[in-house]
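# A structural walkthrough
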Amino acid sequence: MTAEYCRHHNDEGQLVKRISIAVVGLLTVCGIVILLVWAILHPSKPRFLLQDVTIYGFNLTAPNMLTSNLQITLASRNPNNRIGIYYQKLDVFASYHNQQITLPTLLPRTYQGHRDITIWSPFLYGNAVPVAPFLEAALTGDMNGGGLVMLDIKVFGKVKWKVGSWISGRYQINVHCPAYISFSDQIKSFQVGSTMKYRLLQTCKVDISR
């Protein structure tokens, strides 16, 4: 009986071992297939375009307070033929010389199909935002000089890639859109009531990281 018990125990052990090897092999094959598909398709980064900026208010007051209220039109295009993009928790704000001058505005979550285009038109608000003294001097110089102010419209958040029914993990996306606003050049802008609208069609820089 002892010999039969040992043989039965060994058979069970061999069965568990074979099942484990089969499961590991199946997972390995699935992983290799996913990596091959990912390598073959190789997703391209989305392309962002800052179409226009409408200025509702842009005032510098003492002591070192900047109020900037604006609306932007931002377009994103998915250049991939077989890969979709999930945009998750995207925040957009304006900055001047790397200092944030508006509160972040949350963009709605969006799925972008193959070669689709998405357009957002968020409002950006920054009321009486304290700025560093050297930034106040730089902004005053820009306004009193040629009247050209370079703002940076920034977008940051998370994206996921979709291939068929498979969805990747989250990736960090950072977008930088330079916005050259000329307060003295009326050619590049037109007045809408008490506001000024600037048509820019400015290509943005896009970085994606893990």
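Residues numbered from 1 in each chain as written. Predicted model: local features only at pLDDT ≥ 70, side-chain atom pairs only at ≥ 80, totals over all residues. Heavy atoms only, no water.

## Considering the confidence of the model for the protein chain
When the pLDDT values of the protein chain are averaged, the result is 85; 82% of them are 70 or greater. Confidence, read as mean pLDDT per element, is least for strand S12 (residues 189–192) in the protein chain (53) and greatest for strand S7 (residues 117–120) (98). (pLDDT = per-residue confidence, 0-100. Helix = DSSP H or I, 4+ residues; strand = E, 2+ residues; numbered from the N terminus.)

## Quick notes on the state of the cysteines
With the rule as written, the count across this model stands at one disulfide. Two residues, Cys177 and Cys204, share a disulfide whose sulfurs are 2.0 Å apart. Residues Cys177 and Cys204 are joined by a disulfide whose S-S torsion is about 110°; by sign, that bridge is right-handed. One end of the pair, Cys177, is in strand S11 (residues 171–182); the other, Cys204, is in the loop between strand S13 (195–203) and strand S14 (205–209), and 27 residues separate them in sequence. With a relative accessible area of 10%, Cys204 lands in the buried category. (Disulfide = S-S within 2.5 Å. Buried < 20%, exposed > 50% of the residue type's maximum accessible area, 1.4 Å probe, protein only.)

## Considering the nonpolar core
Membership of the largest hydrophobic core comes to 40 residues, with the highest contact counts inside it found for Phe48, Leu50, Ile72, Leu74 and Ile153. Of all the elements in the fold, those that place two or more residues in this core are strand S1 (47–61), strand S2 (65–77), strand S3 (84–96), helix H2 (133–144), strand S9 (148–163), S11 and S13. Ranked by residue count, the leading element in this core is S9, at seven residues. Leave out the neighbours within four places in its chain, and Leu74 touches Phe48, Leu49, Leu50, Thr118, Ile119, Trp120, Val155, Cys177 and Cys204. (Core = buried A, V, L, I, M, F, W, Y, C linked by side-chain atoms within 4.5 Å. Contact = heavy atoms within 4.5 Å.)

## Digging into unusual backbone geometry
Here the phi dihedral of Asn98 falls at roughly 70°; this positive angle occurs in a residue that is not glycine. Here Asn98 shows up in the loop between S3 and strand S4 (99–100). Residue Leu201 is not a glycine yet carries a positive backbone phi of 50°. With respect to the element layout, Leu201 can be found in strand S13. For Leu201, a relative accessible area of 60% puts it in the exposed group.

## Thoughts on a nonpolar patch on the surface
On the surface, Ile19, Val23 and Leu27 cluster together to form a nonpolar patch covering roughly 290 Å² of accessible area. Tracing the backbone through its elements, the reader meets Val23 in helix H1 (residues 2–41). (Patch = residues over 30% accessible without salt bridge, like charges linked within 9 Å, V, L, I, M, F, W, Y side chains within 5 Å. Areas by Shrake-Rupley, 256 points an atom, 1.4 Å probe, with all protein chains shown as cover. Salt bridge = Lys/Arg side-chain N within 4 Å of Asp/Glu carboxyl O.)

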